[in-house]
Amino acid sequence: MEQEIVIRLGAYAGVFALMATLEALAPKRRLRTPKRARWLSNISVTVLGAALVRFAFPVTAVAFAATAEARGWGLLNAVSLSPLFETALAVVALDLVIYAQHVVFHLQPILWRLHMMHHADLDIDVTTGARFHPFEILLSMVIKLCAIAAIGPSPGAVVAFEVILNATAMFNHSNFALPLPVDGILRFLLVTPDMHRVHHSVIIRETNSNYGFNLSLWDRLFRTYRPQPLKGHQEMAIGLANYRDPSRLTLPHLLALPFTAKLLR
Ligand SMILES: [Zn+2]
């Protein structure tokens, strides 16, 4: 348990510091809104969500995976595979679940109300990667526990999945100007910042594309892949079309958004 916390926090802090430095040294876009206010609300929401999950659930995802393993729940606990292959399969399977969850959160109006807060950010950078409404975080945890019970990943595979997902989310939300040739090669496998930025466009058909957080495979496979934004990365507008005023996107407004939102779709 202590080892898990050290690994997760260490990886989180390391990747955060790396991406924050890279996006400060080589930014892709000029930020449109003051960074300090955004970072304060984004980091506050992240801490709030993490604390809520910690206190609302009697187990962590990793501890639940250990219970599932001990009781033989889930597909992977019913077969005998090499640990490395099993971990890789589990990480890919959980990534597919996250992709499917993300699609459903866009298509179902009630769930979209929860997910809107993530999209209401007027810029995207490393802090947007973990900016989710605390209720979305709680619901995501329920979905994750169900997925663990069905798939049966080992506790180590869950740690690997969570560390990889956090790292890739910070990477692909970052404002780092990844060189285009690197982007072109990397996006065969992973979601790059340019690929995920399309998903944060105000144009609805762009918002409803590039749902992947880690592997780019799912968007290609399920035909939700959109290579570039229509207006280009510099000119595209980030956020939601009917929420453009920063004074109406402060922390209290954001937390109230699921209940106050006027839906365009
Ligand atoms: Zn989304």
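Going by the structure above, here's the rest.
What counts and how
- Residues numbered from 1 in each chain as written.
- Predicted model: local features only at pLDDT ≥ 70, side-chain atom pairs only at ≥ 80, totals over all residues.
- Heavy atoms only, no water.
- Helix = DSSP H or I, 4+ residues; strand = E, 2+ residues; numbered from the N terminus.
- Contact = heavy atoms within 4.5 Å.
- Donors = N, O, S within 2.8 Å, 3.2 Å for Na, K, Ca; no water.
- Buried < 20%, exposed > 50% of the residue type's maximum accessible area, 1.4 Å probe, protein only.

A. A look at the environment of leucine 94. Checked against the element boundaries, leucine 94 lands in helix H4 (residues 83-107). For the pair leucine 94 and lysine 144, spaced 50 residues apart in sequence, the C-alpha to C-alpha distance is 8.1 Å. Residues contacting leucine 94, with those up to four places away along its chain left out, are Ala147, Ile151, Pro153 and Phe161.

B. Representation of the coordination of the zinc ion. Surrounding the zinc ion are the protein donor atoms His102 (NE2), His106 (NE2), His115 (NE2), His119 (NE2) and His199 (NE2), which sit 2.1 to 2.2 Å from the metal. Read in sequence order, the donor residues for the zinc ion give the motif H-x3-H-x8-H-x3-H-x79-H. One end of the pair, histidine 119, is in helix H5 (residues 109-119); the other, histidine 199, is in helix H9 (residues 193-199), and 80 residues separate them in sequence. The pair histidine 119 / histidine 199 is uniform in exposure class, with both members buried.

C. Representation of unusual backbone geometry within the structure. Here the phi dihedral of asparagine 210 falls at roughly 50°; this positive angle occurs in a residue that is not glycine. The topology assignment puts asparagine 210 in the loop between helix H10 (204-207) and helix H11 (217-221). Assessed through its relative accessible area of 0%, asparagine 210 is described here as buried. Look at arginine 223: it is not a glycine, yet its phi comes out positive at around 60°. Its location among the elements puts arginine 223 in the loop between H11 and helix H12 (232-235). Here arginine 223 falls in the exposed class, since its relative accessible area comes to 77%.

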